[in-house]
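# Reading the structure
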Amino acid sequence: MGLFGKKRGDSPGYEDNAALDGFGGYQPSDSSGYAPTPEPAEPKPEPSPEPQKPAKQPMSRSGRRAMYGFFATLGVIAIAALANNGDSSSESSAPTPRTPTVYTPSPRVVAPPVTEGWQSVAGKDGVYAYDVPPNWTPKPGTIHGWEKGTQVPGITMVASAFVGEGYCPQEKRSRIGGSGVANVKAADPADASVAARKALDDLTVSAYNPEDGPLTAKISPEPPQATEFTLGSGKKIPASIVLAEVVTPPGPCGAQRALVGVLAPQLGDASAVLAVYSGQDTPGGADREQILKILKTYRGVPEADRKTITPPPSTLR
C-alpha cells in the first residue's frame, strides 16, 4: 500500500503547500535550491533559521530545521500564510459576500525535462532539476517531510513531487509516494554512498515509524550503486544510489510494502540528495525500475536551459 496510510498519531508527515497557480495553500517567500557557480565548490552549510509556522499547519514542526548547502546554498526560507478577508456582519441576517482577493504568484524558474513525456521539477533558480512520470504531480515550491521525534531522526525535503494523493479513504492525507531534495551533512566527503545511506536511513525510519516509536518497520537496505551526477557546466562528478525495501505492520490502509531510493552527488562536506519513495502494493506507484529512472534524471541545469515564468494571477474567494 502507499505511504501515509497510517493513523494521525503515527506521524503521517507534514507538508507546506506553495501558493503557486493550481496548488493553493501557503506561499514560501523563496523556493529552495542552490545558487549557480562557475565551478562547484565544496558547499559550506550555514546556520539554519527556524521556519515560521503557517497559519494552518497539519502537524507540529518544532525541532525541524531548514536546510542549506547545494553548491553554494540550499535554503529553506520561512513560509507565510496567505491573508484572507473575513465576512463582516450587518444589521440584516443575510450574509455579506466575501471580497475576492487577487493573488499574483512570484516568478519562478523552470527547466526542461530530459525524459520524453515526463515532467521536470526544478529547484531554486532552476539550477538543479529532476523528472517525474506523467501521473505524478510536481510541486516545486512545497516543503514536506517528517518531524524529528524521540525515536526518529526526521527529514525535510524541498522541490517536491507526489503520486496517488488521497488514494486511501481512511486516511485523508494518504499518498502512494513522493520525492524531494534534502540536505545531508556528509560524514565522509570522499564517499557519496555515506551521504546516500544517511538520507535513506533518515527517510525510512521517520516515514514508516511513529515519532515516538515503536520502530516496527522492517528496513532492508541494498548495497550502493555507483553512478554520476552532471553539473550545470556539463562536468560529471561521482554519485551513489542506495535503495531499501520497507515493510510495515497492517494499518488503516492495509499492510505497507514500500521502496525508497536516494541519489547523492559527491559534493564535499554537504550533499543535496534526491530521495524517491513509493508504495509497492497499490496501482499507480513507482516500481524499482521507475524509481531508478527518476533518480538518474537528477542533474544540474545549464543556465541557457533555465526559463523564468510568472504564473497567471488567481482569485481567492
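Quick note: structure is the one above.
What counts as what
- Residues numbered from 1 in each chain as written.
- Predicted model: local features only at pLDDT ≥ 70, side-chain atom pairs only at ≥ 80, totals over all residues.
- Heavy atoms only, no water.
- Core = buried A, V, L, I, M, F, W, Y, C linked by side-chain atoms within 4.5 Å.
- Buried < 20%, exposed > 50% of the residue type's maximum accessible area, 1.4 Å probe, protein only.
- Helix = DSSP H or I, 4+ residues; strand = E, 2+ residues; numbered from the N terminus.
- Pairing = 2+ DSSP bridges.

### Some details on the nonpolar core
The nonpolar side chains of soluble globular proteins are, as a tendency, buried together. Counting 34 residues, the largest nonpolar core has Y130, W136, V181, L295 and Y298 as its most contacted members. Mapped onto this core, the elements with two or more residues apiece are β7 (128-132), β10 (155-163), β14 (236-251), β15 (254-265), β16 (270-279) and α2 (288-295).

### What to know about unusual backbone geometry
In this structure, P214 follows G213 across a cis peptide bond, with omega equal to 0°. Within the chain, D125 stands out as a residue other than glycine whose phi angle is a positive 60°. Following the sequence through the fold, D125 ends up in the loop between β6 (119-122) and β7. The partly exposed category is assigned to D125, whose relative accessible area is 34%. Of note, A159 is a non-glycine position whose phi angle comes to about 50°, a positive value. Tracing the backbone shows A159 in strand β10. Take A159: its relative accessible area is 1%, and that puts it in the buried class.

### Thoughts on the sheet that holds strand β17 (residues 299-300)
Sheet strands pair via backbone hydrogen bonds, and the direction of the pair is either parallel or antiparallel. Spatial ordering of the open sheet is given by β6-β7-β17, a layout of three strands whose pairing is antiparallel. With one partner strand each, in any of the chains shown, β6 and β17 form the two edges of the open sheet. Where β6 meets β7, four bridges bridge the pair, whose relative direction is antiparallel. If you follow V121 over to β7, its bridge partner there is Y130.

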